[in-house]
Amino acid sequence: MTLEELTAISPVDGRYRGKTVDLANYFSEFALIRYRVRVEVEYFIALSELPLPQLAGIDAATKELMRDIYRKFSVADAKRVKEIEQTTNHDVKAVEYFLKERIGENPDSNTSLASHLEFIHFGLTSQDINNTSVPLSVKEALEEVFYPQVEELIGQLRGYADEWSNVPMLARTHGQPASPTRLGKEIQVYVYRLEEQLKAMRQLPVTAKFGGATGNMNAHHVAYPDIDWRTFANSFVADRLGLQREQWTTQISNYDSLAAIFDAMRRINTIVVDLDRDFWMYISMEYFKQKIKAGEVGSSAMPHKVNPIDFENSEGNMGMANAVLAFLAQKLPVSRLQRDLTDSTVLRNVGVPFGHAAIALQSTLKGLRKLILNKEKLADDLDQTWPVVAEAIQTILRREGYPHPYEALKALTRTNAHITRESIQQFIDTLNVGDGVKAELKAITPANYTGI
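Let's shift gears to the packing of aromatic side chains. Pairs of aromatic rings are described using the distance from one ring centre to the other and the angle between the two planes. Taken as a whole and assessed by the stated rule, the structure comprises 22 aromatic pairs. A ring pair is formed by F30 and F73, whose centres lie 5.4 Å apart and whose planes are at 40 degrees; its orientation type is tilted. Residue F30 is located in helix α4 (residues 29–48), and its partner F73 is located in the loop between α5 (60–71) and α6 (75–88); the two are separated by 43 residues in the primary sequence. Residue F73 is classed as buried on the basis of its relative accessible area, which comes to 9%. On the basis of an interplanar angle of 10 degrees and a centroid distance of 4.3 Å, the ring pair of Y160 and W164 is categorised as stacked. Of the two residues, Y160 and W164, both sit in the buried class. Members of the aromatic cluster, each reached through a chain of ring pairs, are Y43, F119, F122, F210, Y224, W229, F232 and F236. It is R34 that lies over the ring of Y35; its NZ or CZ is 5.6 Å from the centre.

For soluble globular proteins, the rule of thumb is that nonpolar side chains tend to be buried together. Among the nonpolar cores identified, the biggest contains 115 residues, and V37, F146, F262 and F354 are the most heavily contacted of them. Here the element with the most residues in this core is helix α8 (residues 126–163); it accounts for 15 residues. Counting 19 residues, the second-largest nonpolar core is a separate cluster that includes I396, L397, L431 and I444.

Before going further, it helps to spend a moment on the environment of V145. Within the element layout of this structure, V145 appears in helix α8. As for V145 and A358, which are separated by 213 residues in sequence, their C-alpha atoms are 8.2 Å apart. Not counting the four nearest positions on each side in its chain, V145 is found in contact with D22, L23, Y26 and E140.

On to the side chain of S314. Its place among the elements puts S314 in helix α13 (residues 309–331). Note on S314: relative accessible area 0%, which makes it buried. In terms of polar contacts, S314 uses its side chain to reach the backbone carbonyl oxygen of A360, at 3.1 Å. S314 has contacts with V272, D276, A360, S363 and T364, leaving out every residue within four places of it along the chain.

Each value, and the rule that gives it
- Residues numbered from 1 in each chain as written.
- Predicted model: local features only at pLDDT ≥ 70, side-chain atom pairs only at ≥ 80, totals over all residues.
- Heavy atoms only, no water.
- Phe/Tyr/Trp six-rings, centres within 6.5 Å; stacked < 30°, edge-to-face > 60°.
- Helix = DSSP H or I, 4+ residues; strand = E, 2+ residues; numbered from the N terminus.
- Buried < 20%, exposed > 50% of the residue type's maximum accessible area, 1.4 Å probe, protein only.
- Lys NZ or Arg CZ within 6 Å of the ring centre and 35° of its normal.
- Core = buried A, V, L, I, M, F, W, Y, C linked by side-chain atoms within 4.5 Å.
- Contact = heavy atoms within 4.5 Å.
- Polar contact = N/O pair within 3.5 Å; in protein donor to acceptor, adjacent residues only side chain to side chain.

Structure below.
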């Protein structure tokens, strides 16, 4: 562990850095600066292709050299932006000055850009850069980190659902024995839930604000009144950034899209918490044993302990993620009049719930991959719980028109006496039904009464 990780305030960047390092490409200060540079460069190139007469003659080679500024963006470049920010006390203005400095000193371009530098950040406000950069980082983090991690979890669960599709298991409703089920089916429930929510989340648009100081493209219009700036902005946001432009805004994004995305993430995270708790319970019930790794310690005092810590870690981190996501979804869409600054500081925490969710998903996968199925325990629980066939017996008796079948089974099974296979079969023998029906009833066991 590095000094930075040892001294980090947040465990996301400290203890769990190894599980969250990929997210630095989207949500670190370095990444935010790089995204801002990317938007500024692509905007300048888009202006040159309108074309504006002042930007005529910028060739393809020059455009690619400009793109290299963000494609090859380095830590040294980011430090230079931060140096400029010490003077400007404004982070986006520092990016503008960095680009002007960098483009102005570029000797490789066969087209002089010195006279074009004022078209960097032309007509924009800082939120045109922030409210495209942050949604773009969210979009790419979802596509390249979050979605693949959820899909990996779904794949692991689907494998278990198939492997254990025919393993009968006692179900529990209200914590009490209920009609038996199959282990694979119960895992398939989570596959289905996660797939449905992931599909719904992927359909949500990722939107961006791009419209000048108060959303009306005032500066653009006054400088070039004959250009259709709305069409230009829509095309720039969609074609260059892969986002959807918000058509009516103040100075800042409406944030309704991000709020919907964060709420969708919370639903997925909540399903994972539900899964964590179920498997924690299954381990407690000894339906699963856990693979033991040499050298690991389960308890500092009790040598025998092998604790389900991975599921506990996941549940805790998902709780942290969802708390921040809920705050972001509730806070960001609210701003005084045409804007206040509260969204700016809040947006810097967008990576925090992604980090906690990444830690949680990896912990859940680790826990799942340590499981050893204990078929004997599942079978024993079923064999010790014969009252659960009462539903099956009374339903067949209803089919046969038998009088008061529910009440008859209730009298038999709702007792503190231990119900066994023998006592069930003795009860069946007392029923006034044909031998064929009795044989049908006696064939029912807790292990085979598992539905479809």
